[in-house]
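Now for the letters of each chain:
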Amino acid sequence: MLTVTLPDGSQREYKSSVSAFDVSAEIGPGLAKAAIAAVVDDQLVDLHAPLPATGDVSLRLLTKSDPEALDVLRHSCAHVMAQAVMRLFSGVQLAFGPATETGFYYDFELDHALTEEDFPKIEAEMRKIVKENERFERLELSPPEALDLCREMGQDFKVEHIETGLAEHQSLSFYRQGEFLDLCRGRHVPSTRYIGKAFKLLSVAGAYWKGDASRQQLQRLYATVFFEKQDLETYLKQMEEAKQRDHRVLGKKLGLFEIDEKVGSGLVLWKPRGAIIREELQNFISYHLKRQGYSQVFTPHIGKLELYRTSGHFPYYQDSQFPPLIDRDQMKKLSDDGCSCGDLANMLREGEIDGYLLKPMNCPHHIRIYASDKHSYRDLPIRLAEFGTVYRWEQSGELGGMTRVRGFTQDDAHLFVTEDQLGDEIAGCLELVKIVLGTLGMENYRVRVGLRDPDGDKYVGEAEQWDRAEAACQRAAEEMGVEYTVETGEAAFYGPKIDFVVRDVIGRQWQLGTVQVDYQLPVRFDLEYTGADNKQHRPVMVHRAPFGSMERFVGVLIEHFGGAFPLWLAPEQVRLMTVSEKSEDYAHKVRGLLDAAGLRATSDYRGQKLGAKIREAQLGLIPYMFVVGEKDAQNGTVTVRDRIEGDLGAMPVEGAISKLQQEIEARAVRQVAG
């Protein structure tokens with residue numbers, strides 16, 4: 001006997017084998033028609049997969065209103081797209097085709113170079129496949145059977161993947177729709193007709209097999225799909241808006257930053273105007289750091305490998321770090337001894353030789369600052385803050401403007417606290433992130449609490465410490481009074497964390513500020529403080545970075561504001577322009593007052609028509625324009641033009657300047673739409 005418990009608590013009993021679809025049909029024909037997949041005991045399953053023959057299971061039927069259903073739809077549409085490509089082109093080798101947050105992609109190897117000109121015929125073939133209403137059928141095979149099948153199909157990537165990544169599995173699953181068959185974990189919609197018409201191919205890009213630049217070059221075809229055509233149209237409008245707001249385009253147009261190949265990919269050059277934005281953000285948060293009792297520190301850009309061996313960053317994250325730097329005399333000796341690159345890598349990994357590393361994290365350096373003095377419980381909490389630059393070796397295909405770089409500056413801080421202080425200090429960190437996001441008008445965000453996976457093996461430390469740290473994080477998130485989710489398996493290897501996921505003005509989500517609790521590094525570095533009992537105790541560490549990285553944060557801000565920054569952040573706050581050369585002398589006096597008031601101003605005394613000057617300033621997204629003519633010179637006024645509200649009329653110079661100063665002082669965000 002099988003007992004099925006539904007979300008409303010009701011139960012149904014079955015004496016013979018049934019599927020989730022059978023249960024939906026018994027409940028009602030409307031649900032049977034709407035159901036797409038199911039969740040059985042927290043496991044996603046196909047709608048027609050048989051349920052256990054006996055026992056008790058919980059069942060939740062997924063329709064298009066459930067968030068999980070969209071991933072199922074997208075993964076299924078990826079298979080339809082791959083089927084269409086194989087129908088249209090010969091010799092197609094299939095790699096991987098996962099769903100993503102905004103759609104899906106599939107990696108192919110084929111002789112034909114895919115371009116956007118191919119998209120209409122691929123989409124037309126996809127529509128044919130959808131209309132054919134082929135059922136998605138799941139096949140379970142043993143690894144030897146799966147290998148034979150993939151060899152028979154001539155799918156070399158699948159053969160390699162089974163041999164190198166899946167050989168330990170007892171069985172492997174394939175999915176078939178029509179003539180198309182692919183190695184796949186699933187899950188899928190019942191048939192191709194469920195995919196509907198709301199899909200769109202978006203772009204094609206290069207990729208490497210398994211992300212390895214030394215392996216085969218593939219073609220990655222990006223696309224998206226929704227249940228409703230209106231949702232697709234909304235998304236495409238957002239995509240178009242995102243193109244207009246692309247920080248790489250706006251950054252170049254507004255002269256904010258540069259990435260120069262002669263300097264290196266993923267290494268940002270902050271130009272004067274971009275540096276103003278960064279400096280204003282740093283000054284803003286520095287004020288709140290002083291208010292909360294932080295101490296500023298500075299640390300070098302490199303450190304000895306032994307430091308990172310102790311912390312666990314090397315060789316744990318070796319693949320995402322720049323290669324170590326070896327003493328040149330030692331390097332020469334190793335070379336003379338015939339040491340190969342492989343031998344050198346092994347010696348570095350095993351700690352047989354030492355070297356230096358471009359720092360991937362600031363925390364080991366801050367730890368050594370803490371360890372340089374003896375501490376009493378009366379000294380704690382100790383809060384060390386630094387705008388510290390770190391370096392990560394990102395794959396070239398993953399680099400993207402300022403949001404994915406190889407060198408970035410974190411507004412980093414590390415707190416050394418007693419267990420009793422932990423809850424209050426986490427709350428203080430979260431308050432800081434809320435202040436940052438609230439000041440910048442980024443109030444549409446959610447909080448994500450990342451906990452360890454009880455079955456995972458990447459975590460270090462005692463279970464009791466993890467329990468206390470996770471409880472402190474969840475309690476702090478609850479006390480914030482904002483929406484938060486708990487996500488198992490999202491913790492760092494050394495402790496739980498709290499992330500802020502911000503939704504920008506056009507609906508995209510960005511993970512920005514983060515707070516992490518760490519019991520492990522104090523153990524690794526044997527950190528201590530003297531307690532009230534005169535015994536030695538271990539402090540707890542808190543890692544926190546409200547901005548995350550200055551590069552990424554500013555890149556997100558550029559797109560969030562569409563380059564039209566609020567007055568306090570704008571590189572150029574006001575542009576002074578003359579009606580004619582007759583008012584130029586007076587304009588010089590006004591400019592002196594602007595400079596004395598600390599406003600970032602430029603002057604336009606050119607002999608062009610005033611309308612052209614105004615249009616140029618408007619296109620340059622300058623918040624305010626001060627126009628001066630002969631009448632203004634006579635009356636001691638300026639004609640103020642607001643980029644948002646237009647002409648505000650004539651004002652006394654001092655009054656106009658005071659208006660801007662008040663807006664700056666309030667750090668007002670008057671508009672986020674560019």
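This write-up is about the structure you can find in this document. (Residues numbered from 1 in each chain as written. Predicted model: local features only at pLDDT ≥ 70, side-chain atom pairs only at ≥ 80, totals over all residues. Heavy atoms only, no water.)

Moving on to the overall build of the chain. Per the secondary structure count, the chain includes 21 helices and 31 strands. Taking the principal axes of its C-alpha atoms as reference, the chain extends roughly 95 × 70 × 65 Å. Across the 674 residues that make up the chain, the buried fraction comes to 50%. Intrachain contacts of the chain at a sequence separation of at least 6 include 71% that bridge at least 24 residues. Surface summary for the chain: the accessible area is close to 32100 Å², and the carbon and sulfur share equals 48%. Charge centroids of the chain, computed over 81 positive and 103 negative side chains, lie 5 Å from each other. (Helix = DSSP H or I, 4+ residues; strand = E, 2+ residues; numbered from the N terminus. Buried < 20%, exposed > 50% of the residue type's maximum accessible area, 1.4 Å probe, protein only. Contact = heavy atoms within 4.5 Å. Areas by Shrake-Rupley, 256 points an atom, 1.4 Å probe, with all protein chains shown as cover. Lys, Arg positive; Asp, Glu negative; His and termini not counted. Charge placed at Lys NZ, Arg CZ, Asp CG, Glu CD.)

Our next topic: the packing of aromatic side chains. The full count for this structure, using the stated rule, is 11 aromatic pairs. Ring-pair connections join several aromatic residues into one group, and the members of that group are Phe96, Phe157 and Trp209. Here Arg406 stacks its cationic end above the ring of Trp393, 3.9 Å away from the centre of that ring. (Phe/Tyr/Trp six-rings, centres within 6.5 Å; stacked < 30°, edge-to-face > 60°. Lys NZ or Arg CZ within 6 Å of the ring centre and 35° of its normal.)

Of all hydrophobic cores here, the largest spans 65 residues; its most connected members are Leu281 and Phe553. Among the elements that make up this core, the one with the highest residue count is helix α14 (residues 422-439) (8 residues). If we skip the residues at most four places from it in the chain, Leu281 touches Leu440, Phe547, Met550, Phe553, Val554, Leu557, Trp568 and Leu569. Within the second largest apolar cluster, 39 residues are counted, among which are Val39, Phe119, Val189 and Ala223. (Core = buried A, V, L, I, M, F, W, Y, C linked by side-chain atoms within 4.5 Å.)

The subject of this paragraph is the pattern of salt bridges. Under the counting rule described, the total for this entry stands at 40 salt bridges. Put simply, Arg468 and Glu419 hold a salt bridge, and the shortest N to O gap is 3.0 Å. Of this pair, Arg468 sits in helix α15 (residues 463-480) while Glu419 sits in the loop between β19 (407-417) and α14, placing them 49 residues apart in sequence. Residue class for Arg468 comes out partly exposed when judged on its relative accessible area of 36%. Ionic contacts of the salt-bridge type, sharing partners, join the residues Arg87, Glu125, Lys128, Glu132 and Glu179 into one network. (Salt bridge = Lys/Arg side-chain N within 4 Å of Asp/Glu carboxyl O.)

Next up on the list: the side chain of His366. Counting through the fold element by element, His366 comes out in helix α13 (residues 363-371). On the basis of relative accessible area, His366 is assigned to the buried category, the value being 0%. Not counting residues within four places of it along the chain, the set of residues in contact with His366 comprises Val297, Thr299, Leu384, Glu386, Asp412, His414 and Phe416.

Let us now look at the sheet that holds strand β10 (residues 180-183). Taken in spatial order, the 3 strands of this open sheet run β8-β9-β10, and their pairing is antiparallel. Both outer strands of the open sheet, β8 (137-141) and β10, are each paired with one neighbouring strand and no more. In this sheet, neighbouring strand axes are inclined to one another by 25° on average, regardless of whether the strands run parallel or antiparallel. As paired strands, strand β9 (residues 172-177) and β10 are joined by 4 bridges and run antiparallel to one another. Following the sheet pairing, Phe174 is matched in β10 by Leu183. The strands touched by helix α3 (residues 67-88) within the sheet are β9 and β10, with β10 carrying the most contacts at an inclination of about 125°. This element, helix α5 (residues 143-153), spans β8, β9 and β10 of the sheet and lies at about 40° to β9. (Pairing = 2+ DSSP bridges. Axes fitted to C-alpha atoms, helices over the stretch in contact; angles between N-to-C directions.)

Within α5, the full set of buried residues consists of Pro143, Ala146, Leu147, Leu149 and Cys150. For α5, the arc enclosing every buried residue in end-on projection is 165°, short of the 170-degree limit, so these residues lie on one face. Opposite the buried face of α5, at more than 90 degrees from it, the exposed residues are Pro144 and Glu152. Next to the buried residues of α5 lie β8, α6 (156-165), β9 and β10. Directly beyond the C-terminal end of α5, a positive phi value near 75° is found at Gly154. (Arc of directions from axis to C-beta.)

Side chains of Ile302, Leu325 and Tyr356 sit close together on the surface and give an oily, nonpolar patch of about 260 Å² of accessible area. Residue position: Leu325 is located in the loop between α10 (305-311) and α11 (328-336). (Patch = residues over 30% accessible without salt bridge, like charges linked within 9 Å, V, L, I, M, F, W, Y side chains within 5 Å.)

Next up on the list: the sheet that holds strand β26 (residues 540-545). Across the sheet, which stays open at both edges, the 8 strands sit in the order β15-β18-β19-β26-β23-β22-β20-β21 with mixed pairing between neighbours. Of all strands in the sheet, those with a lone pairing partner are β15 (295-296) and β21 (484-488), marking the two edges. Inspection of the sheet shows strand β18 (residues 382-391) paired to β19 by 10 bridges, in the antiparallel sense. Among the inter-strand pairings, Val390 is bridged to a residue of β19, identified as Phe408. Its contacts with the sheet place α15 against β20 (445-451), β21, β22 (497-503) and β23 (509-518), and it is angled at close to 165° to β20.

It is at 8 Å that the axes of α5 and α6 come closest, and there the two elements cross at 160°. Taken as axis vectors, α5 and α6 run roughly antiparallel relative to one another. Here α5 and α6 pass one another in a crossing that is left-handed. Together, Pro143, Ala146, Leu147, Cys150 and Arg151 of α5 and Lys158, Val159, Ile162 and Glu163 of α6 make up the contact between the two elements. (Parallel < 35°, antiparallel > 145°, perpendicular 65-115°, else oblique. Left-handed = near helix turned anticlockwise from the far one by under 90°.)

What follows covers helix α19 (residues 610-619). Among the residues of α19, those classed as buried are Lys613, Ile614 and Ala617. Down the axis of α19, the sector holding all buried residues measures 100°, keeping them to one side. Across from the buried face of α19, at angles greater than 90 degrees, the exposed residues are Arg615 and Leu619. Along its buried surface, α19 packs onto β27 (574-578), β28 (601-604), β29 (624-628) and β30 (637-642). Looking one or two places after α19, you find Leu621, whose phi comes out positive at around 60°.

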